[in-house]
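Below are the chains, spelled out letter by letter.
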Amino acid sequence: MPVTPINSHEEFKQIINSGKPVVIDFWATWCGPCKAISPIFEKLSELAEFAGVGFYKVDVDAQPDISQEVGVRAMPTFTLFKDGNKVKDLVGANPQGLKLLLDAAKAQ
């Protein structure tokens, strides 16, 4: 599944309450580490082993209400949601940590 941008708070609520595990990349255009890990997140989204996981991204500057609600304090932050609840998150551009977060997501 490709990484899909979330463009509104309403869309965010629908996605996290969809019943399937979703991982959201909270990023910013000015964030160097975000640009470094974004292609890795994109590649992981294409793997068959993560077909049951939704991949999304939120520009924290364009959607400040969402990032504030989630409690994002640094970028990038990857957050796993299931049934409307935050399950786990990862702060920083850490490819191994991201893979572990996605492994947790597919186990949901």
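Structure's up top.
Residues numbered from 1 in each chain as written. Predicted model: local features only at pLDDT ≥ 70, side-chain atom pairs only at ≥ 80, totals over all residues. Heavy atoms only, no water.

1. Quick word on the state of the cysteines
And then number 1: All told, the structure shown has one disulfide when counted by the stated rule.
And then number 2: Two residues, Cys31 and Cys34, share a disulfide whose sulfurs are 2.3 Å apart. Its S-S torsion of approximately 80° makes the covalent link between Cys31 and Cys34 right-handed. Per residue, the accessibility class of Cys31 equals that of Cys34, and both read buried. (Disulfide = S-S within 2.5 Å. Buried < 20%, exposed > 50% of the residue type's maximum accessible area, 1.4 Å probe, protein only.)

2. What about the packing of aromatic side chains?
And then number 1: One pass over the full model with this rule turns up three aromatic pairs.
And then number 2: Centroid distance Phe41 to Phe55: 5.2 Å. Interplanar angle 55°. Geometry classified as tilted. With Phe41 in helix 2 (residues 32-45) and Phe55 in strand 3 (residues 54-59), this residue pair connects regions lying 14 residues apart in the sequence.
And then number 3: On the basis of relative accessibility, which here comes to 0%, the residue Phe55 falls in the buried class.
And then number 4: Judged by centre distance (5.2 Å) and plane angle (55°), the ring pair of Phe41 and Phe78 falls under tilted. A residue pair is termed long-range when its members are at least 10 positions apart, and Phe41 in helix 2 and Phe78 in strand 4 (residues 77-82) qualify at 37 residues. We note that Phe41, like Phe78, is buried.
And then number 5: Through a chain of ring-to-ring contacts, the aromatic side chains of Phe41, Phe55 and Phe78 assemble into a single cluster. (Phe/Tyr/Trp six-rings, centres within 6.5 Å; stacked < 30°, edge-to-face > 60°. Helix = DSSP H or I, 4+ residues; strand = E, 2+ residues; numbered from the N terminus.)

3. A short note on the pairing of strand 2 (residues 22-27)
And then number 1: Strand 2 sits mainly inside the fold: five of its six residues count as buried.
And then number 2: Summarising the sheet, strand 2 and strand 3 pair through six bridges and their orientation is parallel. By the bridge assignment for strand 3, Ile24 is matched with Tyr56.
And then number 3: In this region the chain leaves strand 2, passes through helix 2 and returns to the parallel neighbour strand 3; the handedness of that crossover is right-handed.
And then number 4: In the sheet, strand 2 pairs with strand 4 via five bridges, with the strands oriented antiparallel. Paired with Ile24 across the bridge in strand 4 is Thr79. (Pairing = 2+ DSSP bridges. Right-handed = clockwise from strand over helix to strand, strands pointing away.)

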